[in-house]
Amino acid sequence: MATEIERKFLLKPGLWQPTGPGRRMAQGYLSRDPDRTVRVRVVGDDAFMTVKSRRRGISRTEIEFAIPLEHARDLLLLCHQPLIDKTRYEVLHDGMLWEVDVFHGANDGLIVAEIELPSEDTAFALPEWIGEEVSHDMRYTNSNLCAVPFSEW
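Values in this document were obtained by computation on a predicted structure and should not be read as measured data.

Thresholds, definitions, all that
- Residues numbered from 1 in each chain as written.
- Predicted model: local features only at pLDDT ≥ 70, side-chain atom pairs only at ≥ 80, totals over all residues.
- Heavy atoms only, no water.
- Phe/Tyr/Trp six-rings, centres within 6.5 Å; stacked < 30°, edge-to-face > 60°.
- Helix = DSSP H or I, 4+ residues; strand = E, 2+ residues; numbered from the N terminus.
- Buried < 20%, exposed > 50% of the residue type's maximum accessible area, 1.4 Å probe, protein only.
- Lys NZ or Arg CZ within 6 Å of the ring centre and 35° of its normal.
- UniProt positions renumbered as here; feature names shortened; annotations may be inferred.
- Salt bridge = Lys/Arg side-chain N within 4 Å of Asp/Glu carboxyl O.
- Arc of directions from axis to C-beta.
- Contact = heavy atoms within 4.5 Å.
- Pairing = 2+ DSSP bridges.

Just checking my understanding: could you explain the packing of aromatic side chains for this structure?
Within a pair of aromatic rings, the relevant descriptors are the distance that separates the centres and the angle that separates the planes. If you walk through the whole model with that rule in mind, you get eight aromatic pairs. Ring geometry for Trp 98 against Phe 124: centres 5.8 Å apart, planes inclined by 65°, an arrangement best described as edge-to-face. Remark: Phe 124 occurs in the loop between strand E8 (111-116) and strand E9 (130-133) and Trp 98 occurs in strand E7 (residues 96-103); sequence separation between them is 26 residues. By the burial criterion, Trp 98 is buried, and Phe 124 matches it. For the ring pair Tyr 140 and Trp 153, a centre distance of 5.0 Å and an interplane angle of 85° mean the geometry is edge-to-face. Of this pair, Tyr 140 sits in the loop between E9 and helix H2 (142-147) while Trp 153 sits in the segment after H2, placing them 13 residues apart in sequence. Judged by relative accessible area, Trp 153 falls into the partly exposed class, the value being 37%. The rings of Phe 9, Trp 16, Tyr 89, Trp 98, Phe 124 and Trp 129 are connected pair by pair, giving a single aromatic cluster. We note Arg 139 situated over the ring of Trp 153; from NZ or CZ to the ring centre the distance is 4.5 Å.

Structure, rendered in structure tokens:
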């Protein structure tokens, strides 16, 4: 099984600017059960289904596979609302890939940076625009953001 090891951070206001077009994503959750989430994501003409286990620290099992775009569009209609609408930017810093998500819609105003690591104890340098770590704050998980959007905090 594949393991996702991820740390999540807020950004310091005004220090990060996009350096490219980014990729707009729509994603929804068929299941937000804390023991297993089931996500459908559409990115351009590509679509994916992802199943994730409950977190243990910053690690969890993640299984993702491509699905037909038409199936994904139909499945998004069955997902919990509101859907997650965001633009993802990839930023290389000190040899590590950061993903910066700028949220839209019900989560407008939220910007989160994530880094996936090969192990929980992997050392990495923080870009100057990284702020508070929110890896253990469940409000910032995408599955929770569709239940209680940032605009309602």
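Sorry, what's going on with the UniProt feature "domain: CYTH" (unreviewed entry) in the chain here?
UniProt's entry tags residues 2-147 with the feature "domain: CYTH" (unreviewed entry), counted in the numbering of this structure. From the first C-alpha to the last, residues 2-147 spans 26 Å; its make-up is 10% helix and 49% strand.

Whenever I open this one, the pattern of salt bridges confuses me. Can you help?
One side chain can pair with another of opposite charge once the charged atoms of both are near each other. As enumerated under the stated definition, the model contains 16 salt bridges in all. It is possible to trace a salt-bridge network through shared partners that takes in Lys 8, Lys 86, Arg 88, Glu 99, Asp 101 and Glu 114.

Can you help me understand helix H1 (residues 69-76) in this one?
An α-helix turns once per 3.6 residues; consequently, residues spaced three or four apart project the same way. If you check which residues of H1 are buried, you get Leu 69, Ala 72 and Leu 76. For H1, the buried positions fall inside an angular range of 60° around the axis, keeping them on one side. Along its buried surface, H1 packs onto strand E2 (23-33), strand E3 (36-43) and strand E4 (46-53).

Would you explain the pairing of E3 in this entry?
One face of the sheet, then the other: side chains in a regular strand alternate in exactly this way. Counted residue by residue, E3 has seven buried out of eight residues, so it is predominantly covered. Sheet topology places E2 next to E3; eight bridges connect them, and they run antiparallel. Within the sheet, the bridge partner assigned to Met 25 lies in E3 and is Val 43. Counting the residues between successive antiparallel strands, the hairpin from E2 to E3 contains two residues. Across eight bridges, E3 lies against E4 in antiparallel orientation.

Mind showing me how you'd approach the environment of Gly 14 here?
Looking at where Gly 14 falls in the secondary structure, it is placed in the loop between strand E1 (3-11) and E2. Overall, the relative accessible area of 66% leaves Gly 14 in the exposed class. Put simply, Gly 14 and Trp 129 are 115 residues apart on the chain and 8.2 Å apart in space, counted from C-alpha to C-alpha.

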